[in-house]
Amino acid sequence: MFDQLQALEDRYEELGELLSDPDVIADTKRFMALSKEEASTRETVECYRQYKKVVAGIVEDEEILKEESDSDILEMAKEELSELKKEKVELEEKIKILLLPKDPNDDKNIIMEIRGAAGGDEAALFAGDLYNMYTRYAESQGWKVETLEASVTGIGGYKEVIMMITGDNVYSKLKYENGAHRVQRVPVTESQGRVHTSTATVAVMPEAEEVELDLDEKDIRVDIYHASGAGGQHVNKTASAVRLTHLPTGIVVAMQDERSQIKNREKAMKVLRARVYDKLQSEAQSEYDANRKLAVGTGDRSERIRTYNFPQNRVTDHRIGLTLQKLDQILSGKLDEIIDALVIYDQTKKLEEMQNNEI
């Protein structure tokens, strides 16, 4: 482990020199790649440097205890040694987590798709609740939310809503939201006061850059048509809606929210690229199917991951057995407690797997 850490520190110092090289600075693409690499290793290197300081401090205090006779100095050394040993253990645990294999998508922006599933109008209303929950959570994280497409029902819910969330490490936190979300409550349309169960599905896909996924134009069929729904006369008269079909995979994306055909096409391409990237990535990784059962961030999107029970003000995440009596707070965007618990669970499972492989 320490050989790996030393190599990482050496590389970090090399990156610092490269990033100050005029030739590298002039090459925007390379400069961005190296900056990204430096940022991804910074926390681990700083932690390792602190660890080396602590170890040096322990050695120094142990020498003092062997050679010093002054009782006051000895007492100070003992106290400091105790604190340093505690810090050493904490740093070792932190370093182990930092050295876990990184999900290459963790620092990416995401495309999130929320759909009302079983439950008709109530499912669509719940999809709207989830949309508001993620929007508020994103705002609390300093992220930007852009709604790309929305299909609104008559009573205000969403049959489907697609949004892009951009910011720092968005995928690393929201990847755990992938799956089916269940709600238990009395619908506004229920006259007998009975609790109904409905579901909405959430799909979280990392944004794919053009350099990562080069979609061939000849593989994409483009259909232009008149938009329908809200928008007034302009929408009906102008053929601004765009439907893209990726022929090799059969993936279809339709976009009509913008009045401009160009803007609709740009948005549709973002979603198409994310969907194709998501599909190809899951198929290409040989370990995907094995890992999906272990990691909480992946898995079948039809799998029920969480229940929101209104009568009991309760939210239960079924993957980790976590129950919180804070449904009102969670729906207002306070997701940190759930997401932090999922991250810790995921890291613990990966550590166990890594240790088992070492045995």
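A quick note: this is a predicted structure, and the numbers were derived from the prediction, not measured. (Residues numbered from 1 in each chain as written. Predicted model: local features only at pLDDT ≥ 70, side-chain atom pairs only at ≥ 80, totals over all residues. Heavy atoms only, no water.)

### So, the nonpolar core
By size, the foremost hydrophobic cluster in this structure holds 34 residues, and its most contacted members are Met112, Ile114, Leu130, Tyr134, Leu174 and Tyr308. When contributions to this core are tallied by element, the ones reaching two or more residues are β1 (110-116), α5 (121-140), β3 (158-166), α6 (170-174), β5 (196-206), α10 (327-331) and α11 (336-358). Of the residues forming this core, the biggest block, 8 residues, is contributed by α5. With sequence-adjacent residues up to four places away left out, Ile114 is seen in contact with Ala127, Leu130, Tyr131, Tyr134, Lys159, Glu160, Val161, Met163, Thr201 and Val202. Within the second largest apolar cluster, 18 residues are counted, among which are Leu215, Met255, Leu272 and Val276. (Core = buried A, V, L, I, M, F, W, Y, C linked by side-chain atoms within 4.5 Å. Buried < 20%, exposed > 50% of the residue type's maximum accessible area, 1.4 Å probe, protein only. Helix = DSSP H or I, 4+ residues; strand = E, 2+ residues; numbered from the N terminus. Contact = heavy atoms within 4.5 Å.)

### Details of the UniProt feature "coiled-coil region" (unreviewed entry) in the protein chain
Feature annotation in UniProt assigns "coiled-coil region" (unreviewed entry) to the following positions: residues 67-94. With 89% helix and 0% strand, the stretch residues 67-94 has end C-alpha atoms that lie 33 Å from each other. (UniProt positions renumbered as here; feature names shortened; annotations may be inferred.)

### Brief notes about the sheet that holds strand β7 (residues 241-246)
Read from one edge to the other, the open sheet built from 3 strands follows the order β6-β7-β8, with strand pairing classed as antiparallel. Of all strands in the sheet, those bounded by a partner on one side alone are β6 (220-225) and β8 (251-255). The mean inter-strand angle of the sheet, taken between neighbouring strand axes irrespective of direction, is 15°. Pairing geometry for β6 and β7, over 6 bridges, is antiparallel. Considered in β7, the bridge of Arg221 is made with Thr245. (Pairing = 2+ DSSP bridges. Axes fitted to C-alpha atoms, helices over the stretch in contact; angles between N-to-C directions.)

### Side note on the packing of aromatic side chains
Tallying each qualifying case throughout the model produces 3 aromatic pairs. When the ring of Phe126 is compared with that of Tyr308, the centres are 5.3 Å apart and the planes differ by 65°; the resulting orientation is edge-to-face. Pair noted here: Phe126 is in helix α5 and Tyr308 is in strand β9 (residues 304-309), with a separation of 182 residues, a long-range link. Exposure class is identical for Phe126 and Tyr308. Each is buried. Lying across the ring of Phe310, Arg185 places its NZ or CZ 4.7 Å from the centre. (Phe/Tyr/Trp six-rings, centres within 6.5 Å; stacked < 30°, edge-to-face > 60°. Lys NZ or Arg CZ within 6 Å of the ring centre and 35° of its normal.)

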